[in-house]
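Examination of the molecular architecture
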Amino acid sequence: VCFWLFKKRWHLCTAISSRIKKVNYKMSNCPSCDSKNTKTLAMIWAGGSRTGQSGFGGVSVSTSGRISVGGGRGRSASQSHLAAGCAPPKNSSMPKIVVVVLFLMFAMPLLKGALSVFSEPKLMDGILNFIICAPLLGLLIWGLIKLYAKMESQNKTALSNYSKTWMCLRCGTQFKPYD
């Protein structure tokens, strides 16, 4: 039993420490109340979040000789209100959705036009379609790549700001001491 508890606690500690981005900042005083009781948002979130897992299995034999096998698994998660307020920003899936929708709306017709060089009854019509649609398709793909990179950089900026933000545990002020 002691080994089992130690093992579960060890897994919990390693799970929490793997979520926290290593920040090598010196302790900072609160700019509002000058308290030294400050922590990074990541530390507050990890300290107030708990997850657990359990499982069991068993076999029973009845007096009539019937054998029964059973088992189960369970997971739990809990979080303090303070930790919930200091949770890291969620990585948005919006850039991927926007790029896929725009690709389906515009790239598919352009691709059809570019490939119509083989299906047009007159070869000259197919070549003209290709000359018009191929550069537009290339421009669209280049634009979608740029759009995705810009939208994804906003996710990275939010995560970077999160890792630099501290909170005073006395007055609740959030601040960035090293900007």
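Residues numbered from 1 in each chain as written. Predicted model: local features only at pLDDT ≥ 70, side-chain atom pairs only at ≥ 80, totals over all residues. Heavy atoms only, no water.

Turning our attention to the overall build of the protein. For the protein, the helix and strand inventory stands at five helices and five strands. Reading the protein from its N end, one meets helices and strands in the order α-β-α-β-β-α-α-α-β-β. Out of the 179 residues in the protein, the part that is buried amounts to 22%. Nonlocal contacts in the protein, meaning residues at least 24 apart in sequence, comprise 63% of its contacts between residues at least 6 apart. Surface summary for the protein: the accessible area is close to 13300 Å², and the carbon and sulfur share equals 64%. (Helix = DSSP H or I, 4+ residues; strand = E, 2+ residues; numbered from the N terminus. Buried < 20%, exposed > 50% of the residue type's maximum accessible area, 1.4 Å probe, protein only. Contact = heavy atoms within 4.5 Å. Areas by Shrake-Rupley, 256 points an atom, 1.4 Å probe, with all protein chains shown as cover.)

Take the confidence of the model for the protein next. Taken as a whole, the protein shows an average pLDDT of 76; of its residues, 82% reach a score of 70 or greater. Taken as a whole, residues 1–17 scores under 50 in pLDDT and shows six contacts with residues more than four places along the chain or in a different chain. Predicted confidence is poor over residues 19–25, with pLDDT under 50, and the contacts of this stretch with residues over four places away or in other chains come to 13 contacts. (pLDDT = per-residue confidence, 0-100.)

The final tally for this structure, using the stated rule, is zero disulfides. In this structure C33 is not part of a disulfide, and its nearest cysteine sulfur, from C168, lies 3.6 Å away. (Disulfide = S-S within 2.5 Å.)

Most peptide bonds take the trans form, and the phi angle of most residues other than glycine is negative. Backbone geometry at D34 places phi at a positive 60°, although glycine is not the residue there. Note on placement: D34 falls in the loop between α1 (2–19) and β1 (38–40). Accessibility expressed as a relative area gives 55% for D34, which makes it exposed.

Each full turn of the α-helix corresponds to 3.6 residues, which orients residues three or four apart in the same direction. Over its 42 residues, helix α5 (residues 123–164) runs 61 Å from end to end, which matches the ideal 62 Å to within 8%, given 1.5 Å per residue. Among the residues making up α5, those that are buried are G126, C133, L137, L140, L144, M151, E152, N155, Y162 and S163. Those residues of α5 that are buried are in contact with α2 (41–47) and α4 (94–115). (Expected span 1.5 Å × (residues − 1).)

Attention now goes to the sheet that holds β1. Taken in spatial order, the three strands of this open sheet run β1-β4-β5, and their pairing is antiparallel. In this open sheet, the two strands that pair with only one neighbour each are β1 and β5 (174–175). (Pairing = 2+ DSSP bridges.)

Look at α4 against α5: their axes get within 9 Å of each other, and the N-to-C directions meet at 175°. Between α4 and α5, the angle falls in the class roughly antiparallel. Here the contact of α4 with α5 is composed, by residue class, of 21 nonpolar, three polar and two charged. (Axes fitted to C-alpha atoms, helices over the stretch in contact; angles between N-to-C directions. Parallel < 35°, antiparallel > 145°, perpendicular 65-115°, else oblique. Nonpolar A, V, L, I, M, F, W, Y, C, P; charged D, E, K, R; others polar.)

This part takes up a nonpolar patch on the surface. A grouping of V100, F103, L104, M108, L111, L115, F118, I141 and I145 is seen on the molecular surface, where their side chains present a nonpolar patch of about 870 Å² in accessible area. Contributing elements (two or more residues each) for the nonpolar patch: α4 and α5. Residue contributions to the nonpolar patch peak at six residues, all from α4. Relative to the assigned elements, F118 resides in the loop between α4 and α5. (Patch = residues over 30% accessible without salt bridge, like charges linked within 9 Å, V, L, I, M, F, W, Y side chains within 5 Å. Salt bridge = Lys/Arg side-chain N within 4 Å of Asp/Glu carboxyl O.)

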